[in-house]
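Chain and residue survey
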Amino acid sequence: MTSGPSPRMRSPLFRAFDRVTRPPILSIFALLQAGIIMVLVSQHLATGIDQAAADGEMGTGDFAAFFTGAVMVREGRGSDLFDFSVQQTVQDRLFGVGLPYQQPYLNPPALAIAGALTTGLGYRASFMVFVLSQFSLLLVSLAFLIWSSTGVGGTWSSRATALLLTLCFLPVALTTFGGQNTGFTLGLLSGIFWAIRARHAVLAGLFLGLLTFKPQYAVLLGVVFLARRQFRLLAMAALVSVGHYLVGAFFCGLSWPVKLLEALASHGPVEMAASAATHFSIPAVAGRALPGTLSGMVVALCGILVLGQLLRVGKTLLGDPERHPAFFGMVVCGTMLVSPHLQYYEAGILVLPALLGIDLLLFRDAGVSGKLRFLLTLGFFGFPVWKASEGLGFQPLFVLLVGMFIWMNQLCLGSRDSDWGSERELGVQAPAATARS
């Protein structure tokens, strides 16, 4: 996974760290970790899914909310999809009265409409279909992305190591098999970049359109593509988005976007009052630390700065900036920074910028320094620090997000643009790249 000479490390501890963060030891670790997670996931899917415990305590996460929305659509109650009182009535019927909290359905209708196809199978079977569908999308999109990479994709073992480490990043594994929908988001984002790199604009537009199931991740990408005049991509994304609206209108009424926005506006303050400590975007961090008016000003200013920096950096890159790994990673981080809703488990999405950054360094034959590997190792194993938010007064995952954004920015500004678009970038690898392990 790394190349180039190791820095001179006199300490035995650092020499040991240098060895374990390189193949073959790194590959062995990835394989062992994947085996352990596979065993845990198998046990969870066999014994840990209980409709009567659909509050998330048994590992079904937000799936109870998705299932509630899907049942409402199947029963012809789509027009009430974003009515919390109706949702509560349905949940009481499905899961029993007395859940410790309501799990409101707050996604656009696509997720509920797709889920309606399996609700007749029951809660457990529907959950299994949801999990396996999410894992399949994530596995395929990441495999295509990694196998087309010119840095981490030097050898079969390096590709397999990168894929296993990505899938087994703790928040990725937890959300994929725990009932959240972050795996769909990560899979679609990975698919978008793979399609862009392979110059499949229409396919990238399809993935971007599908990403409207979680629209906060699609907006900033759309703005960047518009600034880059990627009209074919945007036309396909718009077509899929219109299709999403029309299907939603058929099941939920023409005004479903208005009802969704009203539901979000109503539930947002309630959620932040209850769980602001677990969110880590700029709006959540500012809202927790600053009074209302000042918080709003800071959020608006930071949003302008993030968008302005993305557009400025995009202009400094020659060729096709949207195909630059670090720039795409920067857009993803920027999207997360300004997102109005970014729960701790969505930190799994940061594995994509990290993967793209490593790929770029290896593509340049720069290697991954010991210092950077140390920081990446902290990020890989440090996910549980999200629990320290209450004591610290801020969500520590915010530091990881900001650090990733800054790293992507530095990689972009240090880009050797003459390399981008070369035969090597398109898949004809130099001997140094093909010799990596």
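Here the structure is a predicted model, which is why all the values come from computation and not from measurement.

1. What about the overall build of the chain?
- Counting secondary structure elements, the chain contains 21 helices and zero strands.
- Residue burial in the chain is summarised as follows: out of 437 residues, 53% are buried.
- Counting contacts in the chain only where the partners sit at least 6 residues apart, residues at least 24 apart contribute 75% of the total.
- Split by element, the accessible area of the chain, about 19,100 Å² in all, is 70% carbon and sulfur.

2. Digging into the packing of aromatic side chains
- Applying the stated criterion across every chain yields a total of 23 aromatic pairs.
- Relative to Phe127, the ring of Phe63 lies with its centre 5.3 Å away and its plane at 80°, an arrangement referred to as edge-to-face. With a gap of 64 residues between them, Phe63 in helix H3 (residues 63–74) and Phe127 in helix H6 (residues 123–147) connect regions that are remote in the sequence.
- Judged by relative accessible area, which is 0%, Phe127 ranks as buried.
- Residues Phe135 and Phe177 carry aromatic rings whose centres are separated by 5.4 Å and whose planes lie at 40° to one another, so their mutual orientation is tilted.

3. Some remarks on the side chain of Gln87
- Along the chain, Gln87 falls in helix H4 (residues 84–95).
- Among residues more than four places away in sequence, those in contact with Gln87 are Thr68, Met72, Leu81, Phe82, Gln102, Gln103, Pro104 and Tyr105.

4. Concerning a nonpolar patch on the surface
- On the surface, Val247, Phe250 and Phe251 cluster together into a nonpolar patch covering about 320 Å² of accessible area.
- Within the secondary structure, Phe251 sits in helix H12 (residues 231–252).
- With a relative accessible area of 35%, Phe251 lands in the partly exposed category.

5. Some details on the pattern of salt bridges
- What the rule picks out here adds up to eight salt bridges.
- In this structure, Arg93 and Glu75 form a salt bridge, with 2.9 Å as the shortest nitrogen-oxygen distance. Remark: Glu75 occurs in the loop between H3 and H4 and Arg93 occurs in helix H4; sequence separation between them is 18 residues.
- Exposure remark for Arg93: the relative accessible area of 49% places this residue in the partly exposed category.
- Overall, Glu75 belongs to the partly exposed group, its relative accessible area being 33%.
- Measuring nitrogen to oxygen at the nearest pair gives 3.1 Å for the salt bridge that ties Asp320 to Arg199. Here Asp320 is found in the loop between helix H15 (292–316) and helix H16 (325–338), whereas its partner Arg199 is found in the loop between helix H9 (182–197) and helix H10 (201–210), with 121 residues between them in sequence.

6. Observations regarding the packing of helix H2 (residues 25–47) against H6
- At a minimum axis distance of 10 Å, the contact between H2 and H6 shows a crossing angle of 150°. Taken together, the axes of H2 and H6 are roughly antiparallel relative to one another. Between H2 and H6, the contacting residues are His44, Leu45 and Ala46 on the first element and Arg124, Phe127 and Met128 on the second.

7. Some words on the environment of Ala277
- As for its placement among the helices and strands, Ala277 is situated in the loop between helix H13 (256–275) and helix H14 (282–289).
- Ala277 gets classed as buried once you look at its relative accessible area, which sits at 11%.
- Put simply, Ala277 and Tyr344 are 67 residues apart on the chain and 9.0 Å apart in space, counted from C-alpha to C-alpha.

8. Quick notes on helix H7 (residues 156–167)
- Between its first and last C-alpha atoms H7 spans 17 Å; for twelve residues at 1.5 Å apiece the expected length is 16 Å, and the two agree.
- Burial of H7 is extensive: nine of the twelve residues sit out of reach of the surface.
- For H7, the complete set of buried residues consists of Ser158, Arg159, Ala160, Thr161, Ala162, Leu163, Leu165, Thr166 and Leu167.
- Its buried side turned inward, H7 meets H2, H6, helix H8 (170–178), helix H17 (351–363) and helix H18 (370–381).

9. Some thoughts on the confidence of the model for the chain
- When the pLDDT values of the chain are averaged, the result is 88; 89% of them are 70 or greater.
- Between residues 1–7, whose pLDDT stays under 50, and residues either more than four places distant or in other chains, the model counts 28 contacts.
- Low pLDDT (under 50) marks residues 416–437, which in the prediction has 53 contacts with non-local residues, meaning those over four places away or in another chain.

10. Regarding the packing of H9 against H17
- Where H9 contacts H17, the two axes come as close as 10 Å, and the packing angle between them is 30°. In terms of orientation, H9 and H17 fall into the roughly parallel class. Contact residues: Leu186, Leu189, Ser190, Phe193 and Arg197 in H9; Val351, Leu352, Leu356 and Asp359 in H17.

11. What to know about helix H20 (residues 397–413)
- Here H20 contains 17 residues, and its C-alpha end-to-end distance of 25 Å stays within 8% of the 24 Å for a straight helix at 1.5 Å per residue.
- Among the residues of H20, Leu397, Phe398, Leu401, Met404, Phe405, Trp407, Met408, Asn409, Leu411 and Cys412 are the ones counted as buried.
- Those residues of H20 that are buried lie in contact with H14, H15, H16, H17 and H18.

12. Points about unusual backbone geometry
- The omega angle of the peptide bond from Pro23 to Pro24 is 5°, so this bond is cis rather than trans.
- The topology assignment puts Pro24 in the loop between helix H1 (12–20) and H2.
- Phi at Arg199 is positive, roughly 65°, even though this residue is not glycine.

13. Focus on the environment of Leu360
- Examined against the element boundaries, Leu360 turns out to sit in helix H17.
- Its relative accessible area of 2% is what places Leu360 among the buried residues.

14. A closer look at the nonpolar core
- Counting residues in hydrophobic clusters, the biggest one holds 117 residues, and the most contacted among them are Ile192, Leu208, Leu211, Leu221, Phe328, Met336 and Trp407.
- Considering every element that reaches this core, the biggest residue donor is H17, with ten residues.
- Filtering out sequence-adjacent residues up to four positions away, Met336 remains in contact with Tyr217, Phe280, Ser281, Leu342, Glu346, Ile349, Leu350 and Leu401.

The rules behind each value
Residues numbered from 1 in each chain as written. Predicted model: local features only at pLDDT ≥ 70, side-chain atom pairs only at ≥ 80, totals over all residues. Heavy atoms only, no water. Helix = DSSP H or I, 4+ residues; strand = E, 2+ residues; numbered from the N terminus. Buried < 20%, exposed > 50% of the residue type's maximum accessible area, 1.4 Å probe, protein only. Contact = heavy atoms within 4.5 Å. Areas by Shrake-Rupley, 256 points an atom, 1.4 Å probe, with all protein chains shown as cover. Phe/Tyr/Trp six-rings, centres within 6.5 Å; stacked < 30°, edge-to-face > 60°. Patch = residues over 30% accessible without salt bridge, like charges linked within 9 Å, V, L, I, M, F, W, Y side chains within 5 Å. Salt bridge = Lys/Arg side-chain N within 4 Å of Asp/Glu carboxyl O. Axes fitted to C-alpha atoms, helices over the stretch in contact; angles between N-to-C directions. Parallel < 35°, antiparallel > 145°, perpendicular 65-115°, else oblique. Expected span 1.5 Å × (residues − 1). pLDDT = per-residue confidence, 0-100. Core = buried A, V, L, I, M, F, W, Y, C linked by side-chain atoms within 4.5 Å.

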